[in-house]
2 protein chains.
Amino acid sequence: MRPVHIGAAQLGPIQKAETREEVVARMIALFDQAAEKGCDLVVFPELALTTFFPRWYMTDQAEVDTWFETEMPNAAVQPLFDRAREANIAISFGFAELTPDGHHFNTSILTDRTGEIVGKYRKVHLPGHDEFDPERAFQHLEKRYFEPGDLGFQVWNALGGVVGMCICNDRRWPETYRVMGLKGVELVLLGYNTPSVNSQRSDEGPADRLFHHRLVLQAGAYQNATFVVAVAKAGVEDGHPLIGGSVIVDPNGHVIAESQTEDDELITAVCDLDDTVFGKSTIFDFARHRRIEHYGVITTQTGVVRD
Amino acid sequence: MRPVHIGAAQLGPIQKAETREEVVARMIALFDQAAEKGCDLVVFPELALTTFFPRWYMTDQAEVDTWFETEMPNAAVQPLFDRAREANIAISFGFAELTPDGHHFNTSILTDRTGEIVGKYRKVHLPGHDEFDPERAFQHLEKRYFEPGDLGFQVWNALGGVVGMCICNDRRWPETYRVMGLKGVELVLLGYNTPSVNSQRSDEGPADRLFHHRLVLQAGAYQNATFVVAVAKAGVEDGHPLIGGSVIVDPNGHVIAESQTEDDELITAVCDLDDTVFGKSTIFDFARHRRIEHYGVITTQTGVVRD
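Residues numbered from 1 in each chain as written. Chains lettered and ligands numbered in written order. Predicted model: local features only at pLDDT ≥ 70, side-chain atom pairs only at ≥ 80, totals over all residues. Heavy atoms only, no water.

1. Some details on the sheet that holds strand β6 (residues 155-158) of chain A
Residue and element names in this part refer to chain A.
Then, number 1: Reading across from one edge, β6-β7-β8-β9-β12-β13 is the order of the six strands in this open sheet, with mixed pairing throughout. This sheet does not close on itself; its edge strands, each paired only once, are β6 and β13 (255-258). Neighbouring strand axes in the sheet, compared pairwise and without regard to direction, differ in orientation by 20° on average.
Then, number 2: Packed on one face of the sheet, helix α5 (residues 174-181) meets β6, β7 (161-167), β8 (187-192) and β9 (227-232) and runs near 160° to β7.
Then, number 3: In the packing of helix α6 (residues 206-224) onto the sheet, the strands contacted are β8, β9, β12 (247-249) and β13, and the crossing angle to β12 comes to about 25°. (Pairing = 2+ DSSP bridges. Helix = DSSP H or I, 4+ residues; strand = E, 2+ residues; numbered from the N terminus. Axes fitted to C-alpha atoms, helices over the stretch in contact; angles between N-to-C directions. Contact = heavy atoms within 4.5 Å.)

2. Topic: empty space enclosed by the protein
Picture a little ball the size of a water molecule; that probe, rolled over the atoms, points out where space is still empty.
Then, number 1: This structure, assessed with the given rule, holds eight cavities of 30 Å³ or more.
Then, number 2: As a volume, the largest cavity reaches approximately 320 Å³.
Then, number 3: Forming the boundary of the largest cavity are 21 residues, of which A:Pro127, A:Gly128, A:His140, A:Arg209 and B:Ile283 lie nearest the centre.
Then, number 4: Of the residues that constitute the lining of the largest cavity, the class distribution is six nonpolar, ten polar and five charged.
Then, number 5: Put simply, the second largest cavity is a space of about 70 Å³.
Then, number 6: For the second largest cavity, the lining is made up of 14 residues, of which B:Phe44, B:Ser92, B:Ser108, B:Leu190 and B:Gly191 are closest to its centre.
Then, number 7: Secondary-structure elements contributing two or more residues to the lining of the second largest cavity are β3 (90-98), β7 (161-167) and β8 (187-192) of chain B.
Then, number 8: For the lining of the second largest cavity, the residue count by class is nine nonpolar, four polar and one charged. (1 Å grid on protein atoms, 1.4 Å probe; cavity = no way out; pocket = protein on both sides within 12 Å on 5 of 7 lines; lining within 4 Å. Points joined across faces, edges and corners; volume = space filled by probe spheres on them. Nonpolar A, V, L, I, M, F, W, Y, C, P; charged D, E, K, R; others polar.)

3. Quick word on the interface of chain B and chain A
Then, number 1: The interface is formed by 67 residues belonging to chain B together with 67 residues belonging to chain A.
Then, number 2: It is B:Trp173, B:His294 and B:Thr302 in chain B that bury the most area against chain A; as a group they hold 11% of the surface buried on that side.
Then, number 3: The tally of links from chain B across to chain A stands at four salt bridges.
Then, number 4: Of the charged contacts, one joins A:Glu175 and B:Arg290 as a salt bridge, the two residues approaching to 2.9 Å between their closest N and O atoms.
Then, number 5: Counting every contact that joins chain B to chain A gives 33 residue pairs in polar contact (both at pLDDT 80 or more).
Then, number 6: At the level of elements, α5 (174-181), α6 (206-224), α8 (286-289) and α9 (297-300) of chain B are the ones that each hand at least two residues to the side of chain B that touches chain A.
Then, number 7: Element by element, the count of residues in the side of chain B that touches chain A is highest for α6(B), at nine residues.
Then, number 8: Tallied by class, residues from the side of chain B that touches chain A come to 28 nonpolar, 25 polar and 14 charged. (Buried area = accessible area lost by both parts, 1.4 Å probe. Salt bridge = Lys/Arg side-chain N within 4 Å of Asp/Glu carboxyl O. Polar contact = N/O pair within 3.5 Å; in protein donor to acceptor, adjacent residues only side chain to side chain.)

Structure below.
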């Protein structure tokens, strides 16, 4: 038995006018619920500190940069780090990262129980577009404001197991889970901000969006025999709805905890990382079953090439 | 609009004593139903001509070879080919292939509307084991009787679209769909023989088996914006139960037709291959979104390597 008691701390909407300090106070309130329940790890969503700003088209880079963090932790989030260290609980959350040399990433971090940052991930699969798109019902400008992550899909020895991270749209790509799976991942953490309607297809609404969301998480978990924890920022931000549906998925692909609201909400599950062993040693024993001699185009070719 | 009217012709159990001629008569009966409904293509399961013989442990290669076909078509299946040509309908089915130079494959074929074989696939991901395993509730000796396929995951221009094939356990591997997806696949055909209970975990029964089955098909369809047609051999063969659950899945990942029995049963759907365009040109526009610089281990590494 290698139980890890996990809290998935969904955040409700964060309006444009809300300050980081106000948001961190909400995060600490969820954290305290998780500490009360005995969690070992609390996972918060993608871009947890602000509204989902890539929906806004901006041309002034100085304005864009106001949504980014230049240090982590910084003064606004220090109270959360302090509270986590006091409680001896690991945390993970996402934020917009501006590096000292001027690079912009959609980033998440993992701390150990002492509040030290032990893992950093930068979002690889940026969705959306980079110029204003009048055809869309709303903008999704991640390709404008962020560079693709440069750290790949790493895993870390943490909490008695092998932990990986990815962010939002990464979860739709089987390559994301497989790269971590090939490193033995047992627990994948991810946050997301997912609009409730497809910006390019108005008839694809919340039911379909939640269906796709669960589908890819459950498949990724099953096909790599890993737990997956997916945490939403949900609800209506400045008039733009985001799905909820935060879930904890077991290595069999089953949802074992799921949020019920689109507000600040904690869900928890005790995940025994030894539950990953059966799948990894039988049907998904990669060493016995994978046939890399037939997979070549996956890494040699980015787009579709017809024979 | 590029509609293809597809019939998925599930077969109920084939007992060990049943002859190929008897089975082909059942296949023709299903084919005739499909012709009546106006199908363009009829898809039959994996190893459609015999019982699922890899459940039997055999040491005499001459006995093993009695389950294999040395020609395709051969006398036993010629009536099905004749009927298909007369009706101007394409067919696909699986069989055990013994090549002139002595190689054994788990194979499927696709014909055009004139009964010419235009595509051949040999199963890449062989499940199970190669020696008698006393720990298992029953044997699953595909690794004993077959070699891994040597043709990779090809696609063919057929029926006005891009068609690919895989077989049974291949469907659990995201690499299967992705290799075909990178070749522009719009319709994936597959058959399966899936025991209703995990031979190594007795508490994983039909509900879980069907859940995993649908999960991987639906994810593969959605993540590559392709139709997937999955056809069972179902029911109790010589005391060994196989799941049913034949389905046709659309490029959004939704099941649009599903079998209700574990017997011979035809399900049909009109699949407009143009429904693949939206996904392939937006969220799964591979050329815009894939990041192969971070996928390396998928093709350089077969098994798990811990950092």
